[in-house]
Amino acid sequence: MTGSLTRIVSWGHELLAEVVCPGDLAVDLTAGNGHDTLFLARLVAASGQVVAFDVQATALENTCRRLQEAGCQPRLHTGAEAPLTRQAGIDLVAAGHERLAEYLPAAPRAVVANLGYLPGGDPRLITRSESTLPALDQASRLLAAGGRLAVAVYLGHPGGQEEGDAVCRFFAELDEGIFQVLQMKVMNRPQAPFLVVAERTAGKV
Ligand code: SAH
C-alpha cells in the first residue's frame, strides 16, 4: 500500500485487489480521470474485461487518454450498445451508471465508485443520490459471490453530505446474511472522504 494511512482510495484498491483475478469482469461506475479504470484493467489483465461509465465527455476523454498512455486500447460506446458483449478489453460507456444492469454482460467481481465531482472538470456536475443509489443497488444485486463493491464518498462539496448520508443508509441496510460491509473513515476529520466496501458472501439478493 502506498500513501498515508488515511488515503481511502488506496485502501479501496487494496481491498479490491484481494478478490480480483486475471480474466475477471470489473466495473468502474465513475470513470472520472481514469485512475480506477486503469487500476482495474491491470488487475483483470489482458484476458479480463473492465466496463467504465461516465456522463461527462471530459471524463471519458481523460480516461481514454490515460488508458492509451498505459498501452490499452479501450472501446468507446456512445450509442445504444446495451448489453455489452463479454469479451476481454476495456469498454468506456457514455451513459449514466444507473443503467448498469442494462449494459453488464455478466456478474462482476469488483465494482468501484468514486463519488463527487471530477477534479479539474465541471464542479457542478456531481454524482447525486437519485442515480448513485440505483447504481449501487444494481451493483449489489449483480455482484458475483466473493465479489466486492468499493465506494469512495466525498462530503466537502454542496450536496456531498446528503449523498453520503443516503449511501450510508443503503449500505447499512444490506442483508447481513448476504453481505459483509466495512466502513473506513478518518475519525478526527469528519469532513474527510470515507470508504465503504461491501463483499457479497453468498446467494442471490
Ligand atoms: N471526487 C473524486 C472524483 C469523482 S469523479 C476525486 O476527487 O478524486 C466523479 C465522476 O462521476 C465525474 O467524472 C462525473 O462526470 C461522473 N458522474 C456523475 N454522475 C454520473 C452518472 N450518473 N453516471 C456516471 N458517471 C457520473
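Residues numbered from 1 in each chain as written. Predicted model: local features only at pLDDT ≥ 70, side-chain atom pairs only at ≥ 80, totals over all residues. Heavy atoms only, no water.

**Student:** Is there a simple way to explain the overall build of the protein chain in this structure?
**Tutor:** In terms of regular secondary structure, the protein chain is built from 6 helices and 8 strands. Secondary structure elements of the protein chain occur, N-terminal to C-terminal, as α-β-α-β-α-β-β-α-β-α-β-α-β-β. Radius of gyration (C-alpha) of the protein chain: 16 Å, near the 17 Å computed for a compact globule of 205 residues. A burial count over the protein chain gives 50% of its 205 residues as buried. (Helix = DSSP H or I, 4+ residues; strand = E, 2+ residues; numbered from the N terminus. Rg over C-alpha atoms; globule rule 2.2 N^0.38 Å. Buried < 20%, exposed > 50% of the residue type's maximum accessible area, 1.4 Å probe, protein only.)

**Student:** Explain the site of the ligand here, please?
**Tutor:** The environment of the ligand is formed by 20 residues, the closest being D54, Q56, H97, E98 and L115. The side chain of D54 places a nitrogen or oxygen atom 2.6 Å from an oxygen atom of the ligand. A distance of 2.9 Å separates an oxygen atom of the ligand from a polar atom in the side chain of Q56. In the complex, the protein chains occlude 88% of the 580 Å² of accessible area that the ligand would expose alone. Across the shell around the ligand, the residue classes tally to 9 nonpolar, 9 polar and 2 charged. (Near = heavy atom within 4 Å. Polar contact = N/O pair within 3.5 Å; in protein donor to acceptor, adjacent residues only side chain to side chain. Areas by Shrake-Rupley, 256 points an atom, 1.4 Å probe, with all protein chains shown as cover. Nonpolar A, V, L, I, M, F, W, Y, C, P; charged D, E, K, R; others polar.)

**Student:** Looking at this structure, how should I read unusual backbone geometry?
**Tutor:** In terms of backbone geometry, most residues other than glycine have negative phi values and most peptide bonds are trans. Residue P83 is bonded to the preceding A82 through a cis peptide linkage, with omega at -10°. Its place among the elements puts P83 in the loop between β3 (75–77) and β4 (89–93).

**Student:** It is not clear to me how the state of the cysteines should be interpreted in this structure. Could you clarify?
**Tutor:** In protein structure, a disulfide is the covalent linkage between the sulfur atoms of two cysteines. The full count for this structure, using the stated rule, is 0 disulfides. No disulfide involves C64; its sulfur sits 10 Å from the nearest other cysteine sulfur, which is in C72. On the accessibility criterion, C64 (19% relative accessible area) is buried. (Disulfide = S-S within 2.5 Å.)

**Student:** Hey, could you run me through the pairing of strand β2 (residues 49–53) in this one?
**Tutor:** For a regular strand, side-chain orientation follows a simple rule: the groups alternate between the two sheet faces. Of all the 5 residues making up β2, 5 are buried; the element is thus mostly covered by neighbouring parts of the structure. Here β2 shows no split at all, with Q49, V51 and F53 on one side and V50 and A52 on the other all buried. Of the strand pairs in this sheet, strand β1 (residues 25–28) and β2 are connected by 4 bridges, and their pairing is parallel. If you follow A26 over to β2, its bridge partner there is V50. In this view, the connection linking β1 to its parallel neighbour β2 by way of helix α2 (residues 35–44) has right-handed handedness. Inspection of the sheet shows β2 paired to β4 by 5 bridges, in the parallel sense. For V51, the partnering residue across the bridge sits in β4 and is D91. (Pairing = 2+ DSSP bridges. Right-handed = clockwise from strand over helix to strand, strands pointing away.)

**Student:** Can you help me understand the packing of aromatic side chains in this one?
**Tutor:** By convention here, two paired aromatic rings are described through the distance between centres and the angle between planes. Going through the model one piece at a time under the given rule, you end up with 2 aromatic pairs. Seen from their ring centres, F53 and Y103 are 5.7 Å apart, and the 85° between their planes marks the pair as edge-to-face. Of this pair, F53 sits in strand β2 while Y103 sits in helix α4 (residues 100–103), placing them 50 residues apart in sequence. Residue F53 is classed as buried on the basis of its relative accessible area of 0%. (Phe/Tyr/Trp six-rings, centres within 6.5 Å; stacked < 30°, edge-to-face > 60°.)

**Student:** Would you mind going over the layout of surface pockets with me for this structure?
**Tutor:** Take a probe with the size of a water molecule and roll it over the atoms, and the empty space left behind shows itself. When its volume is computed, the largest pocket comes out at roughly 820 Å³. Those elements that provide at least two residues to the lining of the largest pocket are α1 (8–17) and α2. Looking at the lining of the largest pocket element by element, the count peaks at 4 residues for α1. Here the residues of the lining of the largest pocket are counted per class, giving 16 nonpolar, 16 polar and 7 charged. (1 Å grid on protein atoms, 1.4 Å probe; cavity = no way out; pocket = protein on both sides within 12 Å on 5 of 7 lines; lining within 4 Å. Points joined across faces, edges and corners; volume = space filled by probe spheres on them.)

**Student:** Just to check I follow, could you spell out empty space enclosed by the protein for this structure?
**Tutor:** This structure, assessed with the given rule, holds 1 cavity of 30 Å³ or more. Looking at the largest cavity, its volume works out to about 60 Å³. Lining the largest cavity, in full, are I8, V9, G12, H13, D36, V112, A113, N114, A150, A152 and L195. Mapped onto the lining of the largest cavity, the elements with two or more residues apiece are α1, β5 (110–114) and β6 (148–153). At 4 residues, α1 tops the list of elements feeding residues into the lining of the largest cavity. When its residues are assigned to classes, the lining of the largest cavity shows 7 nonpolar, 3 polar and 1 charged.

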